[in-house]
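Each chain, letter by letter, is given below.
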Amino acid sequence: MTRKRGLTEEAATASIDQACRMLRLPSIRQQFADLAEGAARDQMSYRAFLAELLMTECDDRARRRSERRIKAASFPRDKSLRAFDFDANPSIDPATVNTLATCEWVKKGEPLCLIGDSGTGKSHLLIALGTEAAMHGFRVRYVLATKLVNELVEAADEKMLSKTIARYGRVDLLCIDELGYMELDRRGAELLFQVLTEREEKNSVAIASNESFSGWTKTFTDPRLCAAIVDRLTFNGAIIQTGTESYRLAHTKALAEQTAAG
């Protein structure tokens, strides 16, 4: 680029566009015209206008990084804390959930257990809190318990177990959903235990289970291994009991009653 003084408005716009492409400033390039008009209208100083441009680029970059982290987490669907209906499940304390949303527990590498029956909001909270962690800059990964165990078994068969465990060990928050829905054989349970051990007191694990801890012996048939897994998932961690009354079932019944009444 050749720098010139006294550019026409058209030439200045073209120069700005070219410079933004060279410097990789897509947000400024896309929004410069509107920002410039607003600055002129509000009689902003040159310094204030420059700050506005740079903050626009910084904000958009932060947003794109959050979007990439959320996508990398492999959540099966979008869930947010804003959309969670606390009135439908009074068993869940909003203050506790809002405290967890600050992600201090992820920063400290502490675990989280969401325990309750189907339809009580466990997966919603798991995904929503995982999304909050991604938005706070943490690396997050979501996986179903059975899928994780199957992946570990395949990795062991292919002599790739250490690499797979290390990959799951690197993320700041590992969200394991539907733990307790299916019985795991001893090998699968031991491999899952290795992942939890790799993360112990270093990186956070959040799980959602439809079984209370006393019922985990149906999933982990070895009592000693079961006790060790419970210990790793609860030490210094938070436990949220989501209750037994299904929100989905109650919602379906309410709709059916409205239809019948109509």
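Residues numbered from 1 in each chain as written. Predicted model: local features only at pLDDT ≥ 70, side-chain atom pairs only at ≥ 80, totals over all residues. Heavy atoms only, no water.

1. As for the overall build of the protein chain
(1) Moving on: A tally of regular secondary structure across the protein chain gives 11 helices and five strands.
(2) Moving on: In terms of C-alpha radius of gyration, the protein chain reaches 25 Å, well past the compact-globule figure of 18 Å for 262 residues.
(3) Moving on: Dimensions of the protein chain, computed from the C-alpha atoms along their principal axes, are close to 80 × 60 × 30 Å.
(4) Moving on: For the protein chain, the residues scored as buried account for 40% of the 262 residues in total.
(5) Moving on: Taking as baseline every contact in the protein chain between residues at least 6 positions apart, the subset at least 24 positions apart corresponds to 80%.
(6) Moving on: Taken together, the 37 basic and 37 acidic charged side chains of the protein chain have centroids lying 7 Å from each other. (Helix = DSSP H or I, 4+ residues; strand = E, 2+ residues; numbered from the N terminus. Rg over C-alpha atoms; globule rule 2.2 N^0.38 Å. Buried < 20%, exposed > 50% of the residue type's maximum accessible area, 1.4 Å probe, protein only. Contact = heavy atoms within 4.5 Å. Lys, Arg positive; Asp, Glu negative; His and termini not counted. Charge placed at Lys NZ, Arg CZ, Asp CG, Glu CD.)

2. Comments concerning the sheet that holds strand E1 (residues 112-116)
Paired through backbone hydrogen bonds, the strands of a sheet run either parallel or antiparallel to each other.
(1) Moving on: In spatial order, the strands read E2-E3-E4-E1-E5; together these five strands make up an open sheet with parallel pairing. The open sheet has two edge strands with one neighbour each: strand E2 (140-144) and strand E5 (238-243). Going from strand to strand, the sheet's axes swing by 15 degrees on average, the running direction of each strand aside.
(2) Moving on: Here E1 runs beside strand E4 (residues 204-209); their pairing, made up of four bridges, is parallel. Directly across from leucine 114, in E4, lies its bridge partner alanine 208. (Pairing = 2+ DSSP bridges. Axes fitted to C-alpha atoms, helices over the stretch in contact; angles between N-to-C directions.)

3. Examining the packing of helix H2 (residues 26-42) against helix H3 (residues 46-72)
(1) Moving on: Interhelical geometry of H2 versus H3 gives an angle of 140 degrees and a closest axis separation of 10 Å. The crossing of H2 and H3 is right-handed. Contacts from Pro26, Ser27, Ile28, Gln31, Phe32, Leu35, Ala36 and Ala39 of H2 reach H3 at Phe49, Glu52, Leu53, Thr56, Glu57, Asp60 and Arg64.
(2) Moving on: A per-class count over the contact of H2 with H3 returns eight nonpolar, three polar and four charged. (Left-handed = near helix turned anticlockwise from the far one by under 90°. Nonpolar A, V, L, I, M, F, W, Y, C, P; charged D, E, K, R; others polar.)

4. Digging into the pattern of salt bridges
(1) Moving on: Inspection of every chain in the model, using the stated rule, returns 13 salt bridges.
(2) Moving on: Where glutamate 57 meets arginine 64, a salt bridge forms, and the shortest distance between an N and an O atom there is 3.7 Å.
(3) Moving on: Of the charged contacts in the structure, one is a salt bridge between aspartate 157 and arginine 187, with a shortest N-O distance of 2.8 Å. Of this pair, aspartate 157 sits in helix H7 (residues 145-157) while arginine 187 sits in helix H9 (residues 186-199); the two residues are 30 residues apart in sequence, bridging distant segments of the chain.
(4) Moving on: Owing to a relative accessible area of 38%, arginine 187 belongs among the partly exposed residues under this scheme.
(5) Moving on: Taken together, the salt bridges that share partners define one network made up of Asp17, Arg21 and Arg29. (Salt bridge = Lys/Arg side-chain N within 4 Å of Asp/Glu carboxyl O.)

5. Quick look at unusual backbone geometry
(1) Moving on: Located in the positive-phi region is lysine 159, a residue other than glycine, with phi close to 60 degrees.
(2) Moving on: Following the sequence through the fold, lysine 159 ends up in the loop between H7 and helix H8 (161-170).
(3) Moving on: According to the relative accessible area criterion, lysine 159 is exposed, its value standing at 74%.
(4) Moving on: Look at asparagine 236: it is not a glycine, yet its phi comes out positive at around 60 degrees.
(5) Moving on: Within the secondary structure layout, asparagine 236 lies in the loop between helix H10 (223-234) and E5.

6. Here's the deal with the packing of H8 against H9
(1) Moving on: Where H8 contacts H9, the axes come no closer than 9 Å and their chain directions differ by 45 degrees. In terms of orientation, H8 and H9 fall into the oblique class. Where H8 crosses over H9, the handedness of that crossing is right-handed. Counted together, Leu161, Ile165, Tyr168, Gly169 and Arg170 of H8 and Leu191, Gln194, Val195, Glu198 and Arg199 of H9 form the full contact between these two elements. (Parallel < 35°, antiparallel > 145°, perpendicular 65-115°, else oblique.)

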